[in-house]
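# Structural features, examined
Single-letter residue listing:
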Amino acid sequence: MAEPGAGNRSISVLYADRDEESRRRIVRELEGHAAIDDVDTVSTGDDLRSTLAEANGRYDCLITECDLESDGNPLDGTDGPAEGNDRSVLEALPTDRVPTVVYTDGDETIASDVLAAGASGYVPKTGPDPVDRLLEQVLTVTSDSDGRGRDDDLHEVALAFDSCETIAETYQLAVDTTDRLLDAGSTALLVDLHADRGESSAELVAVTTSSRRAETAFDRPDVHEFAERVFRSDEPDRLDEPPGESVTTEGGDGARIDEDASAIRSVAAVPVGDEGVVLATSTEVAAFADSDLYLLEFVATHVASAIDRIRTERALRSERDRFVALFESVPDAIVLTEAEEPNRILDVNPAFEDLFGFDRTDVVGTPVAEQIVPDGREPIGVREGTVVSDDVERLTADGPREFLARGFAVDAGTDVHEYAIYTDITERKRRERDLERYRTLVETVGDPMYVLDPDGWIQMINEAMARTLGEERETIVGRHATDYMPREDVERGTDLIAELLADDERQWGAFEMTVEPASDDPYVAENNLAPLLDEDGSFVGSAGVIRDVSDRKERERRIHDLHDGTRRLMAAEGAGDVATVATEIARDALGLELNSVHLYDEDAGGLAPAATTAETRELLGSIPTIEPDGGIAWDAYESTELIAHGDVRRDPSVRNPDTPIRSEIFIPLDDHGVFIVASTEPNDFDAEVLTFAKILASNVEAALERAQREAQLARRSRELERQNERLEQFAGTVSHDLRNPLTLASGHLEAVDAIVSDHGREIDAPIDTHLEEVEWALDRMDDLVENVLTLARSGKRLSGREPVALESVVDRARRTVDPDLEVVRDDSLPTVEADADRLVVLFENVFRNAREHAGEDATVTVTATDDGFAVDDDGPGIDPDKREAIFESGYSSATDGTGFGLAIVREVVDAHGWDVAAGESGDGGLRLEIATDP
């Protein structure tokens, strides 16, 4: 280990470096040394190979840079290695032909690789005095007669470190190798400074067994500090001639031995990565040359590499063990497949068997696509070094399910394996779909909607709710419900949720509240609430939908008022009252201020206004009768079909195109009339208003039907009363008028019987007088019976009317009573709507009455009047006080009168709906005035 001397040797050197300046400098420095004979240079790998091939052993040493330009490999001419692959370059060094020193840029890693590749030495271009160190290295390698053997030793050392299995074994190999490679008398040790870097304490982990000098040397503070300095600087160094001190040690037999610690004259130290330092000691001064430091760096590099390999292998084994345990115990299904087609399944874990329902022995060896991938789907594509994640559908024994698949590929040596990890997300996907549908519902529903957490904090709202509150959703979410709702409403909602949670039969409930929108009027709303439960049935919040029910409340009010109005309609007396109540209901209950009811009036010849609102009269003035073909209202009445117009001005049937009315509804009331609703705004009536108007019209129609029935019943009642009166009169007539003739006849029959009894069959007494009286009595009874029948028939209701000319009726009656009766007719006698037969009965009884009271020479005059006709006779007339009595049954001023004639006249007149009055004729007789248009 002393500095090598040149002796009388002459050394020839070949220097290879592509840097021209570096070549000139090295040549100048080396040739200035006495031992260097000459220095040749080359700049490329091709020149180096050709020069060595022609040298024939001329050169004693080769100095080379690793990076030489050439067409192929810088040194051997083969294809160039990948960038940065220094090992392949160094392996091409011609160390078998000439000792080689690598002179290049690098660190201890390069040094280790250089020596492992067979180079005799290595000198970095950087660092202190690189040329001096290079010269020293040249002299060393050229003076080493056993250089080839040491190269072999270094190669064996590298193999030995590669075979170390533990860190402790590596430590010991490091110190043993150092002790062997250096000259005899040196000792080596490995100090671990990794545990407490920066502290003065350190641990001696390995030492050569040949001497205890290293241990005693390390106990010296200066050596200890030197080792720490080298470790911290991460640079090799030497310590020469340290001061000595006496150290007492314990011998092998336990005796105390004094050793002269000053025998340690040199110390060399090289850092071992982050592990510590390798120390070598010697009793010689300046015992360690640069080449020795290179050897120590070589050892240190392999120590660090071996420790890193052992730790990596240990970590890999631990990771592999953990992975195997994870593979078997992880709850997610794992499928291991070949990366090559057809991606056969190599293994599955127990979770796969449980989740997919397939036995491991049934699926291993089968292509994964055939086993669990549905038709039309692809296995997940993975690449080595990346993790692919995707939602997929896979086949299980129970059918398709949805999974989160995560796949990655690993290099398994000669093959690449793919791992697919499946997490069942079927339920999560279902919940996501449900949530998405719920979110869609929340967003699309027109009503304001919100979701609260269990404590009343707002979790979600829709856009309608944000508009109602007048703020952005981001501002509202996260705040408490009481910030936007009255506290009493929040408490009512909380109580309702509690009721729903306690009642398994109810899923939701509602309560009414007042909503005050940010930019609109307050309205009555219905808050529909439902509790939200998780899969375990735990309460996690509530959802609410706020629905504006002001329209519904208004509708309910209208229905209620319409119902009350229906009772009023049914209590109304007569069609006029029904019409008045109908217009009031339409205005007050339905808000239809412009409305009217028109009823058919035969006398008016059209639809007469039966009732109108004040608003209608104020707008339109007087309301006329709607005549046949008089516009839209008549069309509706005649067709019995509802007609509605958004703008009546555009209808061709409108009578007044300039009417202020725009929207109008015409609802027929069967044959009673028509109900009209109007508005000054076009298209002012929606379907709801139309429905309510139709309901009201139906109720009005029913009320009119009832009123008509009641009127008919009243008329029938009055008729029955009159009939009862006539029956009483008949009874009186039968008991009085018929009793007198019967009594007379009975008396004469008794007289005849007495005569017959006294005289037997030979009757000489006169009986003709008695028989004539009996005949008269019978004729009288016949007349009475005939008149009673006529009276009864005359009082019946008419079944029909037709136009009847009075002239023809008068002629028929005269011929029936007495063709010789003198009847004077007015030339302008009218034609009346009447029952012709009953009208003949009327004139027959008037003519008979004239004969009975005026005699055979009576004259009867028939004339037309303004409202009908009149019949005059020239008889004695009637006392004004008795003129009403003459129409009563049985009244007669003639001794042989029946008293039914004028009563029959009254019945015929009443049956026609006419009026009759008695007066005095121009001749002082009786005048009967019949008003056919009362």
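Everything discussed here concerns the structure shown above.
Now for a look at the structure at hand.

Quick notes on the rules
- Residues numbered from 1 in each chain as written.
- Predicted model: local features only at pLDDT ≥ 70, side-chain atom pairs only at ≥ 80, totals over all residues.
- Heavy atoms only, no water.
- 1 Å grid on protein atoms, 1.4 Å probe; cavity = no way out; pocket = protein on both sides within 12 Å on 5 of 7 lines; lining within 4 Å.
- Points joined across faces, edges and corners; volume = space filled by probe spheres on them.
- Helix = DSSP H or I, 4+ residues; strand = E, 2+ residues; numbered from the N terminus.
- Pairing = 2+ DSSP bridges.
- Axes fitted to C-alpha atoms, helices over the stretch in contact; angles between N-to-C directions.
- Contact = heavy atoms within 4.5 Å.

Another aspect to go through is empty space enclosed by the protein. Taken as a whole and assessed by the stated rule, the structure comprises six cavities of 30 Å³ or more. Empty space within the largest cavity amounts to approximately 130 Å³. Around the largest cavity sit 13 residues that line it, and Thr 337, Pro 379, Ile 380, Glu 418 and Ala 420 are the ones nearest its centre. Among the secondary structure elements, those contributing two or more residues to the lining of the largest cavity are β13 (333-338) and β17 (416-424).

This next bit is on the pairing of strand β22 (residues 539-548). Where strand β18 (residues 449-452) and β22 come together, four bridges link them in antiparallel fashion. Residue pairing across strands places Val 451 opposite Ala 543, the latter belonging to β22. In terms of strand pairing, strand β21 (residues 523-533) meets β22 through nine bridges, oriented antiparallel. Considered in β22, the bridge of Pro 531 is made with Ser 542. The antiparallel pairing of β21 with β22 creates a hairpin that spans five residues between the two strands, and Gly 537 there sits at a positive phi of about 85°.

Here we take up the sheet that holds strand β23 (residues 594-601). Reading across the sheet, the five strands line up as β24-β23-β27-β26-β25 and stay open at both edges, with antiparallel pairing between neighbours. Two strands in the sheet have a free side with no partner beyond their single neighbour: β24 (606-612) and β25 (643-645). Averaged over all pairs of adjacent strands, the angle between their axes in this sheet comes to 20°, without regard to strand direction. Relative to strand β26 (residues 663-668), β25 is paired through three bridges, and the arrangement is antiparallel. Within β26, the residue paired with Ile 643 across the bridge is Phe 666. Those strands touched by helix α19 (residues 574-588) are β23, β24 and β27 (673-679), and its axis lies near 160° from that of β23. Strands in contact with helix α21 (residues 632-639) are β23, β24, β25, β26 and β27; relative to β26, the strand with the most contacts, it is inclined by about 30°.

Okay, the sheet that holds strand β29 (residues 822-825) next. Strand order in this open sheet of five strands is β29-β31-β32-β34-β33, and the pairing throughout is mixed. Strand pairing shows two members of the sheet lacking a second neighbour, β29 and β33 (915-920), which therefore form its edges. Here the strands of the sheet are splayed against their neighbours by 20° on average, with no regard to which way each runs. Pairing analysis gives five bridges linking strand β32 (residues 868-873) to strand β34 (residues 926-931), with the strands arranged antiparallel. When the sheet's bridge partners are listed, Ala 870 is paired in β34 with Glu 929. Contacts from helix α25 (residues 806-817) reach β29, β31 (859-865) and β32, with the element oriented near 175° to β29.

Purely geometric numbers; function is a separate question.
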